[in-house]
Amino acid sequence: MENGMTNSKVATQSQFPVQGAGLGLRRPLVDQLMADPPEDVDFMEVAPENWIHVGGKLGKKLRWFTERYPFLIHGLSLSIGGPAPLDDDFLRSLKVFLDRHGARTYTEHLSYCGDHGQLYDLMPIPFTEEAVHYVAQRIRRVQDVLERRIGMENVSTYAAPT
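Let us look at the structure shown here.

Parameters at a glance
Residues numbered from 1 in each chain as written. Predicted model: local features only at pLDDT ≥ 70, side-chain atom pairs only at ≥ 80, totals over all residues. Heavy atoms only, no water. Helix = DSSP H or I, 4+ residues; strand = E, 2+ residues; numbered from the N terminus. Buried < 20%, exposed > 50% of the residue type's maximum accessible area, 1.4 Å probe, protein only. Contact = heavy atoms within 4.5 Å. Areas by Shrake-Rupley, 256 points an atom, 1.4 Å probe, with all protein chains shown as cover. Pairing = 2+ DSSP bridges. Right-handed = clockwise from strand over helix to strand, strands pointing away. Axes fitted to C-alpha atoms, helices over the stretch in contact; angles between N-to-C directions.

Scanning the chain from terminus to terminus reveals 5 helices and 7 strands. Listed N to C, the secondary structure of the chain is α-β-α-β-α-β-α-β-β-β-α-β in terms of helices and strands. Expressed as a percentage of the 162 residues in the chain, the buried residues total 35%. Within the chain, contacts between residues at least 6 apart in sequence are counted, and of these 75% link residues at least 24 apart. Counting only carbon and sulfur atoms, one obtains 52% of the accessible surface of the chain, whose full area is about 10,200 Å².

In structure tokens, the structure reads:
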């Protein structure tokens, strides 16, 4: 019985893009982490908005990490539930970024953060069937452009709906 449980646990864990403990890679940490790479970090995460168009010396440093650690990419500005059209330029740049760095997965917030401009906050989407269909269509479109499935983080909200 124990072998069956172990095998089942291993099979389930292998379905995940990464395992273990991760670290959010922030620019102020880059030089220190390069000088003393952490051995107890199993993967790293970055927000693409902070790195997507970075080149030069800092871009090479990011590449140094993506060649050594599995990476998860967690977006902040897709605005999947927002009223404005999806940003096609951002999606094309994001695809290149994900491919270039061998990202294990891309996740985003199930919310909106802009309407023809950045709100700098994660706004909750309506709890309606119409919103479900709207967001599902937008998720399918993003997946088509990125040529991969994406993960959605739970809905942000500031108060329980009544």
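Let us keep going from here.
With burial as the criterion, each face of strand β3 (residues 71-74) is covered, one bearing Phe71 and Ile73 and the other bearing Leu72 and His74. Relative to β3, strand β2 (residues 43-46) is paired through 3 bridges, and the arrangement is parallel. By the bridge assignment, methionine 44 is partnered in β3 with phenylalanine 71. Note that the unit made of β2, helix α3 (residues 56-66) and β3 has a crossover that is right-handed. Of the pairings in the sheet, the one linking β3 to strand β4 (residues 105-109) comprises 3 bridges and is parallel in character. When the sheet's bridge partners are listed, histidine 74 is paired in β4 with threonine 107.

This brings us to the sheet that holds β3. Hydrogen bonds between backbone atoms are what pair the strands of a sheet, whose relative direction is either parallel or antiparallel. Taken in spatial order, the 5 strands line up as β1-β2-β3-β4-β7 in an open sheet, and their pairing is parallel. Looking at the sheet topology across the chains shown, the edges are occupied by β1 (22-24) and β7 (151-153). Shown here is a sheet whose adjacent strand axes are inclined to one another by a mean of 25 degrees, direction ignored.

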